[in-house]
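Descriptive analysis of the structure
Okay, here's what each chain looks like letter by letter:
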Amino acid sequence: MTYIAETADRSERLKAIGLMVAAIVVFSLLDATAKYLVDRAAVPVAQVVWLRFASHVLFSLVVLWPFAFKPSLASKKPGLQMLRSLFMLGSTGFNFVALKYLQLDQTITIFFLTPLLVAALAGPLLGEWPGWHRIAAIAVGFAGVLIVMRPGFGGIHWAALFALAATLSYALYNIATRYLAAYDPPEVTQTFSPLAGLVLTLPFAIAVWQWPADVWTWMLLVSMGVTGGFSHWLLILAHRHAPAPALAPFVYVGLVSTSALGFFLFDDVPTLATLAGGAIVILSGLYIFERERRMLGPTRAGPASDIATQ
């Protein structure tokens, strides 16, 4: 019986890992699509951001809400839910601006700073103060990002600051998600997620609106909501089969998938600085995940979705 139970548990974890890797690859496709639209197709960023949220709502209406979860706005903390939605908008908008000017591997490496920022901000915001081990890991992770940005070696590209702003927004988004988990069920939080982006970016999108030049561009614009919604669905399914600590390390598959897309679609070759800095950030993040797993137990550590992306 023990052998059967262990085999079943192993099968569930392998299934969860497969779903997690698939989710991360789809997230990478979303970033690559956004970069193509704002860089190569020259679609205004505000328009791309609004259509990303509009198509996300459309995909939820057609696929997620009928089959995955029922939408609900019955929140005990509606103000905080809207603030969380605003953080999601900030993360997406800042990231899309950065993608216009930076390589995919550069933006994703900076984005890997998210779990370190979550650990740093959880103290003042959630009362979860990090010990000196995690403080050291946070400092080392920041050093890795500095290697990627290379201040003093030709200057920091200003778009890297938008990548940092996106990362900070996403860290705050994840902290709000953790806090709201004690008050609202997941379907409420998921329903609120795209509202700020859908409503607040509409006037900016209208002001700069350019009709796409061809059907291919339209398809890419609509696909962002599909890939965004589908990747979140895969993430939810993965967490149903395994606890977050078992899945957390696999978010770093995103560096491989994003770098590969950058190479094949945009001829971007990761620099040695990006690879070295990325390795430092990843090791720091893995150390924090392991510290949380040991301190909180195998089922209570921070969510693997902390750096799942937009």
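Residues numbered from 1 in each chain as written. Predicted model: local features only at pLDDT ≥ 70, side-chain atom pairs only at ≥ 80, totals over all residues. Heavy atoms only, no water.

**Quick word on the overall build of the protein chain**
The number of helices and strands found in the protein chain is 14 helices and zero strands. The helix and strand sequence of the protein chain, counted from the amino end, reads α-α-α-α-α-α-α-α-α-α-α-α-α-α. When each of the 310 residues of the protein chain is scored for burial, the buried share is 49%. Contacts in the protein chain between residues far apart in sequence, at least 24 positions, make up 90% of those at least 6 positions apart. (Helix = DSSP H or I, 4+ residues; strand = E, 2+ residues; numbered from the N terminus. Buried < 20%, exposed > 50% of the residue type's maximum accessible area, 1.4 Å probe, protein only. Contact = heavy atoms within 4.5 Å.)

**Section: the packing of aromatic side chains**
Under the criterion given, the structure shown has 12 aromatic pairs. Between Phe-112 and Tyr-252, the aromatic rings sit 4.9 Å apart at their centres with planes inclined by 70°, giving edge-to-face as the arrangement. With Phe-112 in the loop between helix 4 (104-111) and helix 5 (114-126) and Tyr-252 in the loop between helix 12 (244-247) and helix 13 (253-266), this residue pair connects regions lying 140 residues apart in the sequence. Here Phe-112 matches Tyr-252 in class, with each residue buried. Linked through ring pairs, Trp-50, Trp-209, Trp-211 and Trp-218 together constitute an aromatic cluster. Above the face of the Phe-266 ring, Lys-35 is positioned so that its terminal group lies 5.5 Å from the ring centre. Against the face of Tyr-183 rests Lys-77, its NZ or CZ located 4.8 Å from the ring centre. (Phe/Tyr/Trp six-rings, centres within 6.5 Å; stacked < 30°, edge-to-face > 60°. Lys NZ or Arg CZ within 6 Å of the ring centre and 35° of its normal.)

**Here's the deal with the side chain of Ser-28**
Structurally, Ser-28 can be placed in helix 1 (residues 2-40). Given the relative accessible area of 4%, Ser-28 is considered buried.

**A short note on helix 11 (residues 215-241)**
The first and last C-alpha atoms of helix 11 sit 39 Å apart over 27 residues, in line with the 39 Å expected at 1.5 Å per residue. Where helix 11 begins, the capping side chain belongs to Asp-214, and its oxygen is found 3.3 Å from the backbone nitrogen of Trp-216. (Expected span 1.5 Å × (residues − 1). Polar contact = N/O pair within 3.5 Å; in protein donor to acceptor, adjacent residues only side chain to side chain.)

**Examining the nonpolar core**
Within the largest apolar cluster, 68 residues are counted, with the highest numbers of intra-cluster contacts made by Val-48 and Met-224. For this core, the leading source of residues is helix 1, giving 12 residues. (Core = buried A, V, L, I, M, F, W, Y, C linked by side-chain atoms within 4.5 Å.)

**Some words on the environment of Ala-171**
By the secondary structure assignment, Ala-171 is in helix 7 (residues 158-180). Residue classification places Ala-171 among the buried residues on the basis of a relative accessible area of 0%. Sequence separation between Ala-171 and Pro-115 is 56 residues; the distance between their C-alpha atoms is 7.1 Å.

**So, the pattern of salt bridges**
Going through the model one piece at a time under the given rule, you end up with three salt bridges. For the salt bridge of Lys-15 with Glu-12, the shortest nitrogen-to-oxygen distance reads 3.6 Å. Here Glu-12 and Lys-15 lie together in helix 1, a separation of three residues that amounts to about one turn. For Glu-12, a relative accessible area of 28% puts it in the partly exposed group. The shortest N-O distance in the salt bridge between Asp-39 and Arg-40 comes to 4.0 Å. (Salt bridge = Lys/Arg side-chain N within 4 Å of Asp/Glu carboxyl O.)

**Section: the confidence of the model for the protein chain**
Residues with a pLDDT of 70 or more make up 88% of the protein chain, whose mean pLDDT is 83. No element of the protein chain has a lower mean pLDDT than helix 12, which averages 70, and none a higher one than helix 10 (residues 202-208), which averages 97. Contacts of residues 303-310 to residues separated by more than four positions or lying in other chains number 43 contacts, the stretch itself having pLDDT below 50. (pLDDT = per-residue confidence, 0-100.)

**Points about the packing of helix 2 (residues 45-67) against helix 3 (residues 78-101)**
For any two helices packed against each other, one specifies the crossing angle of their axes together with the interaxial distance. At their nearest, the axes of helix 2 and helix 3 sit 10 Å apart, and the two run at 135° to each other. In terms of orientation, helix 2 lies oblique with respect to helix 3. The chirality of how helix 2 crosses helix 3 is right-handed. On helix 3, the residues touching Val-45, Val-48, Val-49, Arg-52 and Phe-53 of helix 2 are Met-88, Leu-89, Thr-92, Gly-93, Phe-96 and Val-97. (Axes fitted to C-alpha atoms, helices over the stretch in contact; angles between N-to-C directions. Parallel < 35°, antiparallel > 145°, perpendicular 65-115°, else oblique. Left-handed = near helix turned anticlockwise from the far one by under 90°.)

**Quick look at unusual backbone geometry**
Look at Ala-42: it is not a glycine, yet its phi comes out positive at around 55°. With respect to the secondary-structure elements, Ala-42 resides in the loop between helix 1 and helix 2. Phi at Asp-267 takes a positive value of approximately 60°, unusual for a residue other than glycine. Among the secondary structure elements, Asp-267 is positioned in the loop between helix 13 and helix 14 (272-296). In this structure Asp-267 comes out as exposed when scored by relative accessible area, which is 64%.

**Observations concerning the side chain of Arg-84**
Examined against the element boundaries, Arg-84 turns out to sit in helix 3. Despite its burial, Arg-84 pairs with no opposite charge; the closest candidate is Asp-184, at 8.9 Å N-O. For Arg-84, the residues in contact, after removing those within four places along its chain, are Tyr-173, Ala-176, Thr-177, Leu-180, Thr-189 and Ser-193. (Lys, Arg positive; Asp, Glu negative; His and termini not counted.)

**What to know about the environment of Pro-115**
Among the structural elements, Pro-115 can be located in helix 5. Note: C-alpha distance between Pro-115 and Ile-138 (23 residues apart in sequence) is 8.9 Å.

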